[in-house]
Amino acid sequence: MKKKLLFMLFISSIIIFSMSCYLYAKQAQIEGENLNVRNGPGTEYEVIAQVNPPDTYRIIEEVDEWIKIELATENGWIHKDYAQIVEKEMQESEENEKSTTTTQASPPTTSEIKDFHSSVSDLNGKIIVIDPGHGGIDVGAIGASCGYESNYTLKTSFVLKEMLEAHGAKVYLTRNKNYYVSLTSRTTYSGSKFPDVFLSLHYNSTPELPDVKGVGGTYYYSDTDQSLAKYVHKGILSQTGMNDRGVVQEDLQVLRMNHRPSLLLELGFLSNREEESHLRSNVFLESMSRGIIMGLYDYFNK
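The structure displayed is predicted, hence computed values, not measured ones.

Considering the environment of tyrosine 57
Okay, so step 1: Residue position: tyrosine 57 is located in strand E4 (residues 56-63).
Okay, so step 2: Looking at tyrosine 57, the relative accessible area reads 16%, which means it is buried.
Okay, so step 3: Discounting residues that sit within four places of it in the chain, tyrosine 57 has contacts with Gln27, Ala28, Ile30, Val51, Ile69, Glu70 and Leu71.

Looking at the nonpolar core
Okay, so step 1: Within the largest apolar cluster, 37 residues are counted, with the highest numbers of intra-cluster contacts made by Ile128, Leu164, Leu199, Leu265 and Leu296.
Okay, so step 2: For this core, the secondary structure elements donating two or more residues are strand E8 (127-132), helix H4 (149-166), strand E9 (170-173), strand E10 (197-204), helix H6 (226-240), strand E13 (262-269) and helix H9 (282-300).
Okay, so step 3: Ranked by residue count, the leading element in this core is H9, at eight residues.
Okay, so step 4: Non-local contacts of isoleucine 128, meaning those with residues more than four positions away in its chain, are made with Leu164, Ala169, Lys170, Val171, Tyr172, Val197, Leu199, Leu296 and Phe300.
Okay, so step 5: Ala28, Ile30, Ile69 and Ile78 belong to the second-largest nonpolar core, a separate cluster that totals 14 residues.

Some thoughts on the pattern of salt bridges
Working definition: two side chains of opposite charge can pair if their charged atoms are close together.
Okay, so step 1: Scanning the entire structure with this criterion turns up seven salt bridges.
Okay, so step 2: Among the ionic pairs, glutamate 274 bridges to lysine 213, the shortest N-O distance being 3.5 Å. Here the residue glutamate 274 occupies a position in helix H8 (residues 273-278), and lysine 213 occupies one in the loop between E10 and strand E11 (217-220), the gap between them amounting to 61 residues.
Okay, so step 3: What makes lysine 213 partly exposed here is its relative accessible area of 28%.
Okay, so step 4: Two residues, aspartate 251 and arginine 256, come together in a salt bridge whose shortest N-O distance is 2.6 Å.
Okay, so step 5: In this structure arginine 256 comes out as partly exposed when scored by relative accessible area, which is 33%.

Things to note about the packing of aromatic side chains
Okay, so step 1: Summed over all chains, the structure comprises two aromatic pairs.
Okay, so step 2: Considering the side-chain rings of tyrosine 152 and tyrosine 203, the 6.4 Å spacing of their centres and the 70 degrees angle between planes classify their relative orientation as edge-to-face. Taken as a pair, tyrosine 152 in helix H4 and tyrosine 203 in strand E10 lie far apart in primary sequence, 51 residues in all. The same class applies to tyrosine 152 and to tyrosine 203, which are both buried.
Okay, so step 3: Aromatic pair tyrosine 299 and phenylalanine 300: ring centres 5.4 Å apart, planes at 55 degrees, arrangement tilted. By the burial criterion, tyrosine 299 is buried, and phenylalanine 300 matches it.
Okay, so step 4: If you follow lysine 126 out to its NZ or CZ, it ends over the ring of phenylalanine 300, 4.5 Å from the centre.

What counts as what
Residues numbered from 1 in each chain as written. Predicted model: local features only at pLDDT ≥ 70, side-chain atom pairs only at ≥ 80, totals over all residues. Heavy atoms only, no water. Helix = DSSP H or I, 4+ residues; strand = E, 2+ residues; numbered from the N terminus. Buried < 20%, exposed > 50% of the residue type's maximum accessible area, 1.4 Å probe, protein only. Contact = heavy atoms within 4.5 Å. Core = buried A, V, L, I, M, F, W, Y, C linked by side-chain atoms within 4.5 Å. Salt bridge = Lys/Arg side-chain N within 4 Å of Asp/Glu carboxyl O. Phe/Tyr/Trp six-rings, centres within 6.5 Å; stacked < 30°, edge-to-face > 60°. Lys NZ or Arg CZ within 6 Å of the ring centre and 35° of its normal.

Right, dumping it as structure tokens:
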């Protein structure tokens, strides 16, 4: 009897183990245009972002008629009526885990930066203000796949912030959610932090010329910021291989009204479908951020 019981337990454990190798992850395929994502399961909660079809997001939680989805920068809630719930089968194994690990990029280490420089210690204590362009009702440019510039600039800012902090910089964002901030407020906030550098992040769009791509321009206002522009521009090109669309002196309010070293970076063309697709990849955003970091290093050590 004992042998039979042990045999049954053994067979059961094998069955349970084999079943555990397959997971069914629920995903929400967006069907509603400009669908509001809220910070809670109800219309009384604040809108933190918007999503559009045909994008798909992993479902984290379900409460009544609301589902919580995983966004690039934070999690939020959408109503079930505006999304189709699908189940995706995933096989869980050590080999799959290793594959996932190798495709995920992490912030660059000092040894990686050493390919270009002997040290990044001069970023320690540097104050950087990052300004994610647009936000809220001001969505900015709209990409070939209907993505909003305001969402892309915020995602890029989070990646850049994390990497700068990994190298000792103190980083502030003019906005950390999808809400509107006036140009005056952005420069006033920057002035209050006395940054070593102010970076306003943007993306370009020329729908009538969908093949145009590249770093759409690194803009500076004051003559004293020209070298900063050249260093950062060169760093971005070296790490991304993007087309070079030049360093430009321009009278832009966030630069003119900013009394600290400042740049406005046009980091690509959303109207180019291939270039927009790169922005969905953290690996690409990390390469771009690494280029900015290297440019800042050169600027601080000129």
